[in-house]
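# Summary of the model geometry
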Amino acid sequence: MTVQPPAGMVTTRLADLDDPGECGRLRDFVDEHPDGTPFHLPQWSAAIERGCGQRAHYLIAEHHGKMAGVLPLTEMRSPLFGNAMVSAGFAVGGGALVRDAAALEPLVLAGWALAEDAGCGTMALRGGPCPGAQWHADSESYLGFVAALAGDDAAQLAAIPRKQRAEVRKALNGDLTVDFGRERALRRDHYAVYAESVRNLGTPVFPRALFDAVLDAFDDASDILVVRSDHRPVAAVLSLYWRGCVYPYWGGGVHAARALRANDRMYYALMCHARRKACDRFDFGRSKVGTGPAAFKKNWGFTPEPLTYWARASDGGEPRKINPLSPKYRLQVAAWKKLPLWLANRIGPPIAKGLG
């Protein structure tokens, strides 16, 4: 027997990410919502599943037959770090995105039910409205950095604070070249630079398949920038372009990049490039409070804004926390920095794909 829900009740269901029509409706919903991010888009969830093998779930709330909210979820499984349901996996944003306030509670409860059914002891929402009293709020760990782009290249340079602008000028006068694109050679160079960069920071690198999957899913709304010195790649970043904003997402530099000021060259070049792609905002991403990356972004004139994340654990316990700055991981981070690069690149991806 089929029981019809009461008229006007909010219902939830799982989206079919293999249905192009459904994905198109999800993209339209996210694009029209003022708080939407690229990480809410169905292609992000699908790319994470393809690139890391972590299962994607995408919840839809409907009210009076219309889409009232969405919640992209990634079922993270790791023998080292435990299992968690995350919105959105491998993203700095996510969380429930609702058009109708009545959709929030049913959407989050459906997500929590999915987490429990999957044996995930923790559920994490990266942003979005407060999901309820059972959720832990964290507004003290991460900062976001977003600023408007200037009207032209000269104005962009002038907008950078004096000390940082001097570094950019030195980079512009250096013997560095910049390439943009999505072709195989640039993907290879980006991965080589990024892998060395995160090894030097003491963290495992993500699978190369993740970057390929994201680039393929976002198509011409994504690209790679590579900075070279004497034809050798020394800095690189993979960026997303969405709704007038550029998101430099996975980037880094080799040891020589600092002396060459390659990162300064990279980000200034990206700002100018993004404006030519009709962007008027630059999202510098998140950084942990009190870290070098946060200070670097402030030096560029970006004002930090606290990011609020939500987490819930079974039986009222402590949610899963994976923070390389924690004393808990101090010895592991120090040891990882000393690994030969070839070894770090071999054993890192199976570990990193469970971080999410």
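Before any of the text, the structure's been laid out above.
Cut-offs used in this document
Residues numbered from 1 in each chain as written. Predicted model: local features only at pLDDT ≥ 70, side-chain atom pairs only at ≥ 80, totals over all residues. Heavy atoms only, no water. Helix = DSSP H or I, 4+ residues; strand = E, 2+ residues; numbered from the N terminus. Rg over C-alpha atoms; globule rule 2.2 N^0.38 Å. Buried < 20%, exposed > 50% of the residue type's maximum accessible area, 1.4 Å probe, protein only. Contact = heavy atoms within 4.5 Å. Pairing = 2+ DSSP bridges. Axes fitted to C-alpha atoms, helices over the stretch in contact; angles between N-to-C directions. Expected span 1.5 Å × (residues − 1). 1 Å grid on protein atoms, 1.4 Å probe; cavity = no way out; pocket = protein on both sides within 12 Å on 5 of 7 lines; lining within 4 Å. Points joined across faces, edges and corners; volume = space filled by probe spheres on them. Nonpolar A, V, L, I, M, F, W, Y, C, P; charged D, E, K, R; others polar. Arc of directions from axis to C-beta.

## Focus: the overall build of the protein
A tally of helices and strands in the protein yields 12 helices and 15 strands. In terms of overall size, the protein behaves like a compact globule, its C-alpha atoms giving a radius of gyration of 21 Å where 356 residues would be expected to give roughly 21 Å. Oriented by its inertia axes, the alpha-carbon framework of the protein measures out at about 75 × 45 × 35 Å. A burial count over the protein gives 51% of its 356 residues as buried. Across the protein, every contact between residues at least 6 apart in sequence was considered, and the portion connecting residues at least 24 apart equals 71%.

## Points about the sheet that holds strand β8 (residues 142–148)
With mixed pairing, the seven strands of this open sheet are ordered in space as β9-β10-β11-β12-β13-β8-β14. Pairing within the sheet leaves two strands with one partner each, and these edge strands are β9 (176–181) and β14 (304–306). For this sheet, the mean angle separating the axes of adjacent strands, direction not counted, is 30 degrees. Pairing geometry for β9 and strand β10 (residues 222–229), over six bridges, is antiparallel. If you follow Asp 179 over to β10, its bridge partner there is Val 226. This element, helix α6 (residues 184–201), spans β9, β10, β11 (232–242) and β12 (245–253) of the sheet and lies at about 105 degrees to β11.

## Things to note about helix α3 (residues 104–117)
The first and last C-alpha atoms of α3 sit 20 Å apart over 14 residues, in line with the 20 Å expected at 1.5 Å per residue. Taken together, the buried positions of α3 are Leu 104, Leu 107, Val 108, Ala 110, Gly 111, Trp 112, Leu 114 and Ala 115. Downstream of α3 by a residue or two, Gly 119 has a phi angle that is positive, lying close to 75 degrees.

## With respect to the layout of surface pockets
Rolled over the atoms, a probe with the dimensions of a water molecule shows which regions are left empty. In this structure, the second largest pocket occupies an estimated 710 Å³ of space. Taken together, 32 residues make up the lining of the second largest pocket; nearest its centre are Asp 35, Thr 37, Gly 93, Asp 283 and Leu 307. For the lining of the second largest pocket, the leading source of residues is strand β13 (residues 281–288), giving four residues. Class assignment of the residues belonging to the lining of the second largest pocket gives a composition of 14 nonpolar, 11 polar and seven charged.

## Topic: helix α5 (residues 162–173)
Taking 1.5 Å per residue as the helical rise, α5 with its 12 residues ought to reach 16 Å, and the 17 Å between its terminal C-alpha atoms agrees with that figure. Within α5 the residues assigned to the buried category are Gln 164, Val 168 and Ala 171. Axial view of α5: buried residues confined to an arc of 55 degrees, hence all on one face. Structural note: α5 exposes Arg 162, Lys 163 and Asn 173 on the side pointing more than 90 degrees away from its buried face. Residues of α5 that are buried sit in contact with α4 (153–159), β9, α9 (262–276) and α10 (292–299).

## Thoughts on unusual backbone geometry
Between Ser 87 and the following residue, Ala 88, the backbone shows a cis peptide bond with an omega angle of 0 degrees. Looking at the secondary structure, you find Ala 88 in the loop between β4 (84–87) and β5 (97–98). In this structure, His 231 is a non-glycine residue whose phi angle is positive, near 75 degrees. With respect to the secondary-structure elements, His 231 resides in the loop between β10 and β11. When its relative accessible area of 72% is taken as the criterion, His 231 is described as exposed. The backbone of Arg 261 shows a phi angle near 60 degrees, a positive value even though the residue is not glycine. Topologically, Arg 261 is positioned in the loop between α8 (257–260) and α9. Take Arg 261: its relative accessible area is 25%, and that puts it in the partly exposed class.

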